[in-house]
Amino acid sequence: MKLVNEEGEEWESLYLARKTGLSAGWKRFAEDNELRDGDAVLFELVQYNQFNVRIVRVDGYEVARDDDDGDMDDDDDDDDTEESL
């Protein structure tokens with residue numbers, strides 16, 4: 001399988017059908033793209049032997065925290081509830 005990142009760089013990897021996973025080449029791809037625990041990796045099958053791979057970084061998003069008023073929001077205490085239709 002060919003793995004192609006968003007910059008168009010390519011890596012060869014072995015797809016293990018019985019385990020439905022990648023083997024040879026995956027480690028190199030992960031290292032070269034500096035994958036970290038928590039990163040999301042999206043695979044798009046574009047040919048029978050090629051995945052376009054998009055990486056969503058774990059540090060690219062701010063995690064909402066439960067504040068003192070019990071809402072899951074940033075830092076305002078406004079009532080953001082909406083009426084049901």
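A brief report on the enclosed structure follows. Bear in mind that the values here come from a model prediction, so they are computed numbers and not experimental data.

### Points about the packing of aromatic side chains
- Taken as a whole, this structure holds four aromatic pairs when the rule is applied.
- Summarising the aromatic geometry, the rings of Trp11 and Phe29 are spaced 5.0 Å apart at their centres and angled 85° between planes, so their arrangement reads as edge-to-face. Here the residue Trp11 occupies a position in strand β2 (residues 10-12), and Phe29 occupies one in helix α1 (residues 26-32), the gap between them amounting to 18 residues.
- For Trp11, a relative accessible area of 11% gives the class buried.
- A centroid spacing of 6.0 Å and a plane angle of 45° characterise the contact between Trp26 and Phe43, whose relative ring orientation is tilted. With Trp26 in helix α1 and Phe43 in strand β5 (residues 40-47), this pair connects stretches of sequence that are 17 residues apart.
- Feature note: the residues Trp11, Trp26, Phe29, Phe43 and Phe51 constitute an aromatic cluster, connected by ring pairs.

Thresholds applied
- Residues numbered from 1 in each chain as written.
- Predicted model: local features only at pLDDT ≥ 70, side-chain atom pairs only at ≥ 80, totals over all residues.
- Heavy atoms only, no water.
- Phe/Tyr/Trp six-rings, centres within 6.5 Å; stacked < 30°, edge-to-face > 60°.
- Helix = DSSP H or I, 4+ residues; strand = E, 2+ residues; numbered from the N terminus.
- Buried < 20%, exposed > 50% of the residue type's maximum accessible area, 1.4 Å probe, protein only.

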